[in-house]
Every structure is written in structure tokens, then in C-alpha cells.
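Structural features, examined
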Amino acid sequence: MHIQNASKLPPANKGYWFTVFQQLKGERIAMISAGVVLLIVVAALFAPWIAPADPFKASMLKRLLPIGSEGYLLGTDELGRDMLTRLMYGARLSLLMGVLPVFFAFVMGTSIGLFAGYVGGRTNMLIMRVLDIFYAFPSVLLAVAISGALGPGMSNSLIALTLVFVPQVVRIAESVTTQVRQLDYLEAARMSGAGTFEIIRVQVLGNVLGPVFVYSTGLLSVSMILASGLSFLGLGVKPPEPEWGLMLNTLRSAIYKAPLTAALPGAMIFITSISFNLLADGIRSAMDIKK
Amino acid sequence: MMDASPPLFKDIDKGGPAQPLLVVRGLRKHFLLKPGLFQKNKQYVHAVEDVSFSVAKGKTLGIVGESGCGKSTTAKLIARLIKPDHGSMIFDGEGVAEYGGLELKEFRRKLQMVFQDSYASLNPRLTIEQTIAFGPQVHGVSKDQATNLAHTLLDRVGLKPAQYANRYPHELSGGQRQRVNIARALAFQPRLIILDEAVAALDKSVQAQVLNLLQELKEERELTYLFISHDLHVVQYLSDEVMVMYLGQVVEKGPVERIFNTPAHPYTKALLQAIPSMDPDHKTWVSPLSGDPPNPINPPSGCRFRDRCDHAKATCHTVSPALSKVEGLSDHVVACHMNDGFSQPHLEGPL
């Protein structure tokens, strides 16, 4: 039970997101995940200042040092570069590749979905059926296909990933909008004489953003894994740039000599994506304020 | 208690008390059914068929009828939430949404609606204060002023602003939510409020409170109500005039005491008989009406009630009865051949 402190003054209008945050603070797993994500983000952001070594400085003598070697906390890779440093720098690109496509897809998908859902009818059908074509392919295959067609490179894989996620976000936004559109409070809003844009902004958007936001946070981990996969296949980031997926690929050759070192980028991908997922789950339940 | 806030919108009474506030002429709506894959001909649901009536200023017109008789569709057509196929409306002497007439936006401010489902009609993501203040803001009132108005109105409908203004709809009970819906409608300072089954979902004691509130507000603010309900007791309590609808048509309209005491249409009689008797000596043994209403996709020719009417004659199968005066009274009209003298007068009945 949630007991509000009774005060005589009208409580300040803290808004919906404040309530959600209060709820989220009570979820232990979500908070731990948030901590992990924050740690990784901080490490990535401040990598140039806090990283112990130069991420590009190779040394033939110090190749594949084991984890815990002196001066190299997480060992070195196949070219003798410090793993800890490269993992921190790698987080920058990997996080970027995880967040940016989802963000673009969130903005584009919500707009298209709102439009399709609110307008309805044939326009809706046309938009949704076209997007169904994208939906028919598995996302990995689609990402590889678009990336391959556009050619390797980071911006191209960004575009590819965005295109993979847009239809999924549109679907969520469209279905929620269609539901909301039939409810009486929208009829009441139309009775107010407000214009379509005003109605969407005040009455529809708030109801659609929630579910779309939750879905998108779940996409973060997918996006990161897909981006790593593209890099692994040579379609994303180019060496010697540090990126987790690419590192996993290049360390593949050393998997028998230094299996633990080779597994490190994979472990980072795993930890980050699972933290994103658990955080998304926490947000999902926190946003259900009707409990 | 009167609210202290000055009127935000200027409303001038144009035609005086004798002019009806709303005149509806020949309202018609046929919904197109989605044809099946191998179906060629289009089918229409004849939801509302040539409905005409007027609502007097400061009065309450009750609209009754079974589910599916077109009551709610009529309400939505009047509010222009659905576009009518045919028909016109005159609001206090001005044509609605036509050239030189009343603009739709302004018309919708003067006419507000309270829906049956108190929960679905409130946005779950807005506090009730925001919900009430939304309307006036659309019409150019500043946010602060609109919020003040929302507080005044909440107080008027019996919800303390200090306690409730920042709550979300799910934190209120059904009766409280319906009060919020009423406050939302009042925020526009309307002249006509359509109450579409507004108290049907509330339990009896709360229903009585809300009905009393509606009565008070009506007198205090010189409102006119269009009260749609299937509950005859409630209609009898609140209405000055009653209109009975059957399968999308008006079958009878008259002052409340005439309709309840001397109904002229066989359908009205049957409806009234269906009210459970409170007297154990006068139990209703025989079902007053048998069968279901006919399919509105294929309404019967002539009188739409003829299939279920005990008095149906040959004329009823061919000629659709028009509304005609009952016993020469101009305010009581009925659409029945027994009344217009087309067929043999056959006046009797268990009532």
C-alpha cells in the first residue's frame, strides 16, 4: 500500500514522471541495473581521462597478457593493447550504437504511428501494410541486408538499425493510438472544439509515449547486440577503432590461447544489454501507476 | 452557492424564452457496413431515421428507448461527433455549422456532453484539474484562469479542490468521476448539456446525489438538458418532456406526465408496463412485449413497430405513420396509425 502524506495544502502537481520515478526507486533489481548502466556510461564518457593507457598503443612484446597482469588489470589483446582501456573506449561506440538508432526510431516511429492511428482508415492501412513488409524479415537479417546494401561504415549501420526498429515502434504507437482514439475522453476533447494537433499533443501523446518508451528501452539491448553483430561481420565500425563487437571478432583468433580475455567484450555486451533489459522491466512496472 | 468567477464567455439569449434552444430537423444517419470479401451489395444500418424535435429553453428533454434504438447515435449526431447524412440544427435561432450560422467550435462550447462511462471519459494521464481546465484553454482562457475555474467548479460539484484537484481519475470513485465530468462540461459555460446515460453506471444512492446536483445546477445556471436514459424512473424524475425512440425513429413525444399517465403509442405503453411494480398485488405476469427489435439493417416496411404490435393492421405494413397530435394537443405527438385515423381507432389496452 502506498500512503500519501496528508497535508492541508494542495499537493504541488509533481506530474506523472515524478510518480514513476518514486515507484522505480522501490524496485531493487531495476535500481542495481540502473547503477550498472550508469557506471558503464560514466566509464565511456570519461574514458580519455580515466583510462589507464592509450587504446591504440600496441606492443608485440605484451600480447595476450592474462587478466590481472601487472599494469594491465584486464590483460592485453592480440596486439598488446590494454583491454581495460579498450573496453572503456569501446563502450562509447557500443552505447552510441545502442542508443542512437533506438532514439531515432522512437521519434520517427511515434510520429508515424500517431499519425496512422489517429487518421485511421485507408491511410492507416497503407502505412501499416508497407511496414509489415519490413516486419516480415528477422531483424538481424534485415540489419545485415540494409547495412550490406549501404556499404560498411558506422553511419550506414546506424541507418540500418534505425530502419529495423522504426516499424516495430510504429506498430506499438499505432495500436495504442487506435485504442485511445475510440475512448470517450477523446470524444470529450473533440467536443471542446480543440484542433487535431492540440488533441494529439495534450490528450493522445501522453498515453502513447508510455508504452512506446517502455518498448524502446527494451530495444536498447537489441540494438547494441545487433550493432556489435554488424561490426563483428565487418559491416559496422572499422578497425582499429575499439568497439565491443569488433573486439570480439578480432580476439576470436586468440580464443584458444587466452579464452578469458577473448570473452571479455562478449561479457560486456551481455552485462550491458541485460542491465538495459532489467531496467526496462523496472520502468515498465513503475509506469503502471494504477497498481 | 454561486461561483465567484465572472463569466468567461459572453452568451446572449437571442430569441427569448419562447424560442426553442435547439431545433433538430430531419436528422438521419445510415452506417455503411463493411462488405464481406465476396459480398457485393452494400448494407446499411439504419441507425437514425428522420428524427426531428426541439428542446425548450431551461427544460429537460428525456430520450428513452431500448438499447440500440439510436438514442446515443442521436446524441452524437447533435454534438457532431458523427457527421449526419442529412438534417439540420438550429441553436437559439442560428443554423449550426452552415454558412452565416454558428461555427462548430462555438456551437460545441455552448453544447456539452457527459458520457456514461465515467472512467473512459477522463484521460488517465491528466489530473482532474488539467482535464477540466483543458476546455476553457482551447477557447482562449489563460491557464491560470482556467485552473482557478476548475477549482471553483470542483468545489461546486462537491469535490474539495485542495484534496482532489491533483488526483488522477483512477484515484476517484465512479460517482466522483462523474462529478468531474459534469464539472468539465460546466467549464465551457454551456447552455445545453447532453447527458448520455450519465447516471446509468452509478449505484442508486450515488445516482440520487448526482441527479440532485444536476437539478441544482440546472436552476442555478439556467441550463437545458437533453437526458438520454433507459431508466424510466430517472427520466420521470428529471424530465419536463419525454421523447420515446424505437429503431431510430421518434414514436412519441410529450410532457412527462402525459407520457407516463396517458401514453398513446403501443410501444410506450409496453415500456411503461415493463417497469417492475412495487406492489406485490399487481405483479406483472405477462411480458408486455415479445421478441427482439427488428434488425436495423433491414427495418420493416411501414410502421417499424408493426412486428411486435398487437394492433397492427394492413395499413401498418405499407404506410409509415407520421407524428400527429394526440387529442388535439400540440405538445403531445405520436407516430401511430391508431392515432392519425388511418386505420380503425382501436383504443383500449391494459393500462
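Because the structure is a prediction, the values reported are computed rather than measured.

The next subject is the domain arrangement of chain B. Residue and element names in this part refer to chain B. Split into domains, chain B comes out as domain 1 (22-33 + 43-246) and domain 2 (268-274 + 286-340). Of the residues lining the interface, twelve residues belong to domain 1; the matching set on domain 2 comes to twelve residues. When the two sides are added together, the surface that domain 1 and domain 2 hide from each other amounts to roughly 1,100 Å², 63% of it contributed by carbon and sulfur. Joining domain 1 to domain 2, the criterion identifies two salt bridges. Between glutamate 66 and arginine 308 there is a salt bridge, with the nearest N and O atoms lying 3.4 Å from each other. Our count for the contact surface shared by domain 1 and domain 2 stands at four residue pairs in polar contact (both at pLDDT 80 or more). At the level of secondary structure, the elements contributing two or more residues to the side of domain 1 that touches domain 2 comprise strand 2 (43-55) and strand 9 (241-246). With five residues, strand 2 is the single largest residue contributor to the side of domain 1 that touches domain 2.

So, about the environment of Thr131(B). All names here are of chain B. Of note, threonine 131 is situated in helix 3 (residues 128-138). Relative accessible area serves as the criterion here: at 5%, threonine 131 is assigned to the buried category. For threonine 131 and valine 180, which are 49 residues apart along the polypeptide, the C-alpha to C-alpha distance reads 8.7 Å.

Think of an α-helix as 3.6 residues a turn; residues three or four steps apart then line up on the same face. Residue and element names in this part refer to chain A. Relative to the 26 Å expected for 18 residues at 1.5 Å per residue, helix 2 (residues 28-45) spans 25 Å between its end C-alpha atoms, a close match to the ideal helical length. Among the residues making up helix 2, those that are buried are Ala30, Ser33, Val37, Ile40, Ala43 and Ala44. Viewed along the axis of helix 2, the buried residues span an arc of 155 degrees, placing them on a single side of the element. Pointing more than 90 degrees away from the buried face of helix 2 are the exposed residues Arg28, Ile32, Leu38, Leu39 and Leu45.

Residues Leu161(A), Phe165(A), Leu186(A), Ile199(A), Val204(A), Val208(A) and Trp244(A) are the most contacted members of the largest nonpolar core, which totals 56 residues. Those residues within four positions of Leu186(A) in sequence are excluded, and the remaining contacts are Tyr118(A), Val180(A), Arg181(A), Ile199(A), Gln203(A) and Val204(A).

A word on the sheet that holds strand 8 (residues 224-228) of chain B. Residues and elements named next belong to chain B. Spatial ordering of the open sheet is given by 6-7-8-3-9-10-12-11, a layout of eight strands whose pairing is mixed. If you trace the sheet from one side to the other, it starts and ends with strand 6 (111-114) and strand 11 (324-326), each paired once. Going across the sheet, the axis of each strand differs from the next one's by a mean of 25 degrees, ignoring polarity. Sheet contacts for helix 1 (residues 71-78): strand 3 (60-64), strand 6, strand 7 (192-196), strand 8 and strand 9; angle to strand 7, the most-contacted strand, approximately 150 degrees.

Between chain A and chain B, the residue contacts involve 27 residues of the former and 32 residues of the latter. Our count for the contact surface shared by chain A and chain B stands at one salt bridge. Its salt-bridge partner being Glu187(A), residue Lys76(B) comes within 3.2 Å of it at the nearest N-O pair. There are ten residue pairs in polar contact (both at pLDDT 80 or more) connecting chain A and chain B.

All names here are of chain B. Summed over all chains, the structure comprises 23 salt bridges over all chains. Across the pair glutamate 49 and arginine 304 runs a salt bridge, and its minimum N-O distance is 2.8 Å. In this pair, glutamate 49 is assigned in strand 2 and arginine 304 in the loop between helix 10 (266-273) and helix 11 (314-318), connecting sequence segments 255 residues apart. Arginine 304 carries the same exposure label as glutamate 49, and that label is buried. The closest approach of N and O atoms between lysine 57 and aspartate 92, which form a salt bridge, is 2.9 Å. Pair noted here: lysine 57 is in the loop between strand 2 and strand 3 and aspartate 92 is in the loop between strand 4 (86-91) and strand 5 (94-95), with a separation of 35 residues, a long-range link. Each member of the pair lysine 57 and aspartate 92 is classed as buried.

What counts as what
Residues numbered from 1 in each chain as written. Chains lettered and ligands numbered in written order. Predicted model: local features only at pLDDT ≥ 70, side-chain atom pairs only at ≥ 80, totals over all residues. Heavy atoms only, no water. Domains from an automatic or database assignment. Contact = heavy atoms within 4.5 Å. Buried area = accessible area lost by both parts, 1.4 Å probe. Salt bridge = Lys/Arg side-chain N within 4 Å of Asp/Glu carboxyl O. Polar contact = N/O pair within 3.5 Å; in protein donor to acceptor, adjacent residues only side chain to side chain. Helix = DSSP H or I, 4+ residues; strand = E, 2+ residues; numbered from the N terminus. Buried < 20%, exposed > 50% of the residue type's maximum accessible area, 1.4 Å probe, protein only. Expected span 1.5 Å × (residues − 1). Arc of directions from axis to C-beta. Core = buried A, V, L, I, M, F, W, Y, C linked by side-chain atoms within 4.5 Å. Pairing = 2+ DSSP bridges. Axes fitted to C-alpha atoms, helices over the stretch in contact; angles between N-to-C directions.

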